[in-house]
Amino acid sequence: MFAPHDALAASLLALLGPAGTDGSHDPGSRLMVKLFAMLHRNPDLTFEEFVDHWRDRHGPLIADTPALARHLVRYEQHPRHDPANTLSGSPGVDGVAVQ
């Protein structure tokens, strides 16, 4: 169901409790979790390459993986506005994902 790096996602799904017969969860009767992930780019990537990969590969991956997408109310990607400006965000953080 999940790759090894998706252990966090599996843990969050476990918090939701057992799925119904159709595999979905009833959001009205379950715990809601808001996850903030601070992202650090691979140093081999430029900031622009990082944002392109995050937006064009990971965003669709979340949306196109039913085991994850059906549990999400919203998925947001917030890249750092100006990585060269030390007043823009936290040092070393290139973006924040909110689920």
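Everything below is about the structure shown above.
Because the structure is predicted, anything quoted here is derived from the model rather than measured. (Residues numbered from 1 in each chain as written. Predicted model: local features only at pLDDT ≥ 70, side-chain atom pairs only at ≥ 80, totals over all residues. Heavy atoms only, no water.)

A. Inspection of the pairing of strand β3 (residues 95–98) at higher detail. Bridge count between strand β1 (residues 36–39) and β3: four bridges; the pairing is antiparallel. Bridging from a neighbouring strand, F36 pairs with V98 of β3. As paired elements, strand β2 (residues 76–79) and β3 share four bridges and run antiparallel to each other. Looking at β3, one finds that Q77 is bridged to A97. (Pairing = 2+ DSSP bridges. Helix = DSSP H or I, 4+ residues; strand = E, 2+ residues; numbered from the N terminus.)

B. Examining the nonpolar core more closely. Counting residues in each nonpolar core, the largest one holds five residues, listed as F47, F50, V51, W54 and A97. Here the element with the most residues in this core is helix α2 (residues 47–63); it accounts for four residues. F50 has contacts with L39, R41, L45, D94 and G95, leaving out every residue within four places of it along the chain. (Core = buried A, V, L, I, M, F, W, Y, C linked by side-chain atoms within 4.5 Å. Buried < 20%, exposed > 50% of the residue type's maximum accessible area, 1.4 Å probe, protein only. Contact = heavy atoms within 4.5 Å.)

C. Representation of the pattern of salt bridges in the model. Across all of its chains, the model carries four salt bridges by this definition. When the shortest N-O distance is used, the salt bridge between D52 and R55 registers 2.7 Å. Here D52 and its partner R55 are both found in helix α2, three residues apart, which amounts to about one turn of the helix. Residue D52 is classed as partly exposed on the basis of its relative accessible area, which comes to 37%. Taking the relative accessible area as the measure of exposure, R55 reaches 43% and is therefore partly exposed. Note that E76 is salt-bridged to R74, the shortest N-O span being 2.5 Å. For R74, a relative accessible area of 56% translates into the label exposed. One salt-bridge network, in which partners are shared between bridges, spans D52, R55 and D56. (Salt bridge = Lys/Arg side-chain N within 4 Å of Asp/Glu carboxyl O.)

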